[in-house]
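Residue-level structure breakdown
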Amino acid sequence: MAIVAGVDFGTLSVRVTLLDSVHGRLGTASAEYPLARKRDDPDYATQSHSDQMQALVRAMRQVLEENHIDGSDVAAIALDTTGSSVIPVDAKMQPLDDYYLWCDHRAHEEAREITELALAEDLEAIHWCGDVYSHEWGFAKLLHWLRHNPDKRAKFATALEHCDMVAATLSGVSDTTKVKRSICAMGHKWMWNAKWGGLPPQSFLSKVDPLFDGIREKIGGEYLTSDFIAGTLSEKWAAEMGLRAGIPIPVGAFDAHWDAIGAGCREGDVVNVVGTSTCIIAMAKKTELVPGVCGVVPGSVHPAYTGIEAGLSATGDIFEAIARRAGMNVRELAMGLVDYRAGQTGLLRLSWDNGDRTVLVNPELGGVTFGWNLLHNAQDELFAAIEGTAFHTRIILERMAEHGVPVERVINAGGIPQSNAVLNQIYADVLGKPVLVPDGTPTSLGSGIFALLAAGAFKTIEEAQKAICLPYRSYAPQAKSVAVYNELYPLYRKAYFALGQPNAAATPLGMVLPELRRIAAAARA
């Protein structure tokens, strides 16, 4: 038997779960940290590395104490984080600024410049991230930081993804050249791929902006999948957390990718990690480009498969915003939604409140709702927003399937599906497939599985999943609702592509509102 710690850094808190190889989850604790926003700049979102590390210490000590576990018995620690959350550091690995968090969207212009040059030069890497480089990703954020912090450029040594920075910190790495970097993070957000020799060529990067001169060498180190070890726990952080020094820390990854592993993902599965946003994760033996999908990276989820990542830029954030405008919380507003029927609101809501991550990759979009009348209320909008996120997910899954990604099972993971049966049923009805939901919280189980591998408790991910992953609750499609959503979906799809693309062909939308009224009347009858 081996006891390990699985760590998950989310947007607002860190969760630590203790597992053993025989009994599974022993206990979980979490600790919060602040998210810095600016009212006059809705694109701004940062977090302090120090705040996050101290939260990790609090959560670790709490879970050890509450479950009466001696920290010296913990055999490994593994961590996943948000991404792309980028931090610039100096030559001694000291932060020069806070993290540009995954939801920091200031780098619009930088992302546009990278995309335009990459397409003009037919850079192979741009095709592997959906032909659009996102403002949420590493190079765009780093260039924005370099442009807006001229006084700190002389001290800049490298930039790190959150998962690599935490692993390096815990391992006591003080030399930027000794950092182990996650293929998951660098492949999905920094255009790294062994296929073309790693990062894009320096000539391309310098042409984007001379501030990138020499950047390819600075973002060096070993690039590894998560079956490799990033380092071992230092004396300093072992003492801080109450653990034993020298235990292994595997190379980290993004939270959604390891959440998929913790939810039992296998080839043929699509895992919707539904939280503040949605990350959609799939695995395939075959590596094939998927237009508009923001990452196709060998080894990023499971070292033996190609990982495919897509998603919605906002999901829970949309629900929260609707409730906030109504002066309520989501739980209060959602009461009664179980009595709603498919299409009854007469509303059709596009989930672009924070832009579009997939398949349009367009940060300039905003939320759109068709069909308002004088009697609609916030609860109607919330139901329509859940339907809208399901329709958007269907567009993504159809795009994946068109390009050879097997979509056999749908698993709803993340925090929201655990407490929102209405959402799970709507997804089953919109997608026309059974939706499986882990019977319990799978967050940090994925990191626990990689910690167990690092500790030698299991030989394969599949062996560990069989022992650790939770059973499923299943939501079966309901024929009447499926029929309604099959009428609504073409309207959603038509509006999605007509309004979401700057150069879209002229598309008649005059049927949308009458059709919404007709479908709503039939649903209420």
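These notes cover the structure that comes with them. (Residues numbered from 1 in each chain as written. Predicted model: local features only at pLDDT ≥ 70, side-chain atom pairs only at ≥ 80, totals over all residues. Heavy atoms only, no water.)

Within the protein chain, the secondary structure is distributed over 18 helices and 23 strands. The C-alpha radius of gyration computed for the protein chain amounts to 23 Å, which stays within 12% of the reference 24 Å derived for 525 residues, consistent with globular compactness. With respect to the three principal axes, the spread of C-alpha positions in the protein chain is 70 × 55 × 45 Å. Taken over 525 residues, the protein chain has a buried fraction of 61%. In the protein chain, of all internal contacts separated by at least 6 residues, the share reaching a separation of at least 24 is 72%. If you sum the accessible surface of the protein chain, you get close to 19700 Å²; carbon and sulfur atoms cover 51% of it. (Helix = DSSP H or I, 4+ residues; strand = E, 2+ residues; numbered from the N terminus. Rg over C-alpha atoms; globule rule 2.2 N^0.38 Å. Buried < 20%, exposed > 50% of the residue type's maximum accessible area, 1.4 Å probe, protein only. Contact = heavy atoms within 4.5 Å. Areas by Shrake-Rupley, 256 points an atom, 1.4 Å probe, with all protein chains shown as cover.)

Looking now at helix α1 (residues 49-66). Over its 18 residues, α1 runs 26 Å from end to end, which matches the ideal 26 Å to within 8%, given 1.5 Å per residue. Considered for burial, the residues of α1 that qualify are His 49, Gln 52, Met 53, Ala 55, Leu 56, Val 57, Ala 59, Met 60, Val 63 and Leu 64. One side-chain oxygen at the N-terminal end of α1 lies 3.2 Å from the backbone nitrogen of Ser 50; it belongs to Ser 48. At the exit of α1 stands His 68, carrying a positive phi of roughly 55°. (Expected span 1.5 Å × (residues − 1). Polar contact = N/O pair within 3.5 Å; in protein donor to acceptor, adjacent residues only side chain to side chain.)

Relative to the elements of secondary structure, Val 274 occurs in strand β15 (residues 269-274). Considered as a pair, Val 274 and Gln 418 are 144 residues apart in the sequence and their alpha carbons are 9.7 Å apart. When near neighbours in sequence (up to four residues on either side) are disregarded, Val 274 contacts Thr 315, Ala 413, Gly 414, Gly 415, Ile 416 and Pro 417.

By size, the foremost hydrophobic cluster in this structure holds 103 residues, and its most contacted members are Phe 139, Met 191 and Met 400. Of all the elements, helix α13 (residues 378-402) adds the most residues to this core, at 10 residues. When neighbours within four sequence positions are excluded, Phe 139 is seen to be in contact with Ile 114, Tyr 133, Lys 189, Trp 190, Met 191, Leu 199, Pro 200, Leu 205, Phe 212 and Ile 219. In this structure, Leu 19, Ala 78, Val 166 and Ala 230 belong to the second largest nonpolar core, which totals 79 residues. (Core = buried A, V, L, I, M, F, W, Y, C linked by side-chain atoms within 4.5 Å.)

Counted under the stated rule, the structure contains 25 salt bridges. Of the charged contacts in the structure, one is a salt bridge between Glu 288 and Lys 286, with a shortest N-O distance of 3.5 Å. Lys 286 sits in the exposed class, given a relative accessible area of 58%. Taken together, the shared-partner salt bridges connect Glu 110, Glu 113, Arg 147 and Asp 209 into one network. (Salt bridge = Lys/Arg side-chain N within 4 Å of Asp/Glu carboxyl O.)

If you trace the 5 strands from one edge of the open sheet to the other, you get β3-β2-β1-β6-β14, paired in mixed fashion. Strands at the two margins of the open sheet, each flanked by one partner only, are β3 (24-32) and β14 (253-254). In this sheet, strand β2 (residues 13-20) lies alongside strand β1 (residues 3-9) in antiparallel orientation, the contact comprising 7 bridges. Within the sheet, the bridge partner assigned to Gly 6 lies in β2 and is Thr 17. The strands that α1 touches are β1, β2, β3 and β6 (74-81); relative to β3, the one it contacts most, it runs at about 140°. Most of the contacts of helix α15 (residues 445-454) go to β6, to which it runs at about 140°, and overall it touches β1, β2, β3 and β6. (Pairing = 2+ DSSP bridges. Axes fitted to C-alpha atoms, helices over the stretch in contact; angles between N-to-C directions.)

The next thing to look at is the environment of Val 89. Among the structural elements, Val 89 can be located in strand β7 (residues 86-89). For the pair formed by Val 89 and Thr 176, sequence separation is 87 residues and the distance between their alpha carbons is 8.6 Å. Residue contacts for Val 89: discarding those within four places in its chain leaves Gln 94, Pro 95, Leu 96, Lys 155, Phe 156, Ala 157, Thr 158, Leu 160, Met 165 and Thr 176.

End to end, helix α17 (residues 479-500) covers 30 Å across 22 residues, agreeing with the expected 32 Å (1.5 Å per residue, within 8%). Along α17, the helix axis deviates most sharply at Leu 488, where the bend reaches about 30°; the proline Pro 490 sits within four residues downstream. (Bend = angle between axes of the 7 residues up to and from the residue.)

Because side chains alternate across strand β22 (residues 435-438), one face comprises the buried residues Val 435 and Val 437, and the other comprises Leu 436 and Pro 438, equally buried. Sheet topology note: the strand β21 (residues 409-413)/β22 ladder contains 2 bridges and is parallel. Each bridged residue has a counterpart across the sheet, and for Val 410 the counterpart in β22 is Val 435. One ladder, built from 4 bridges, connects β22 with strand β23 (residues 472-475); its direction is antiparallel. Paired with Pro 438 across the strands is Tyr 472, a residue of β23.

Summarising the element assignment, Gly 275 is placed in the loop between β15 and β16 (278-284). In contact with Gly 275, other than residues within four places in its own chain, are Thr 315, Gly 316 and Ile 416.

Take the side chain of Thr 393 next. Within the secondary structure, Thr 393 is located in helix α13. Once residues lying within four places of it in the same chain are set aside, the contact partners of Thr 393 are Asn 272, Ile 280, Leu 312, Tyr 427 and Leu 431.

Here the amide bond leading from Gly 83 into Ser 84 is cis, since omega sits at 5°, within 30 degrees of zero. As for its position among the elements, Ser 84 is in the loop between β6 and β7. Looking along the chain, the bond that leaves Thr 358 and enters Val 359 is cis, with omega of 10°. Summarising the element assignment, Val 359 is placed in the loop between β19 (348-350) and β20 (368-370). A positive phi angle, near 50°, is found at Asp 122, a position not held by glycine. One can find Asp 122 in the loop between α2 (108-120) and α3 (124-127). Take Asp 122: its relative accessible area is 53%, and that puts it in the exposed class. Phi angles above zero are rare outside glycine, and Val 361 is one such case at about 50°.

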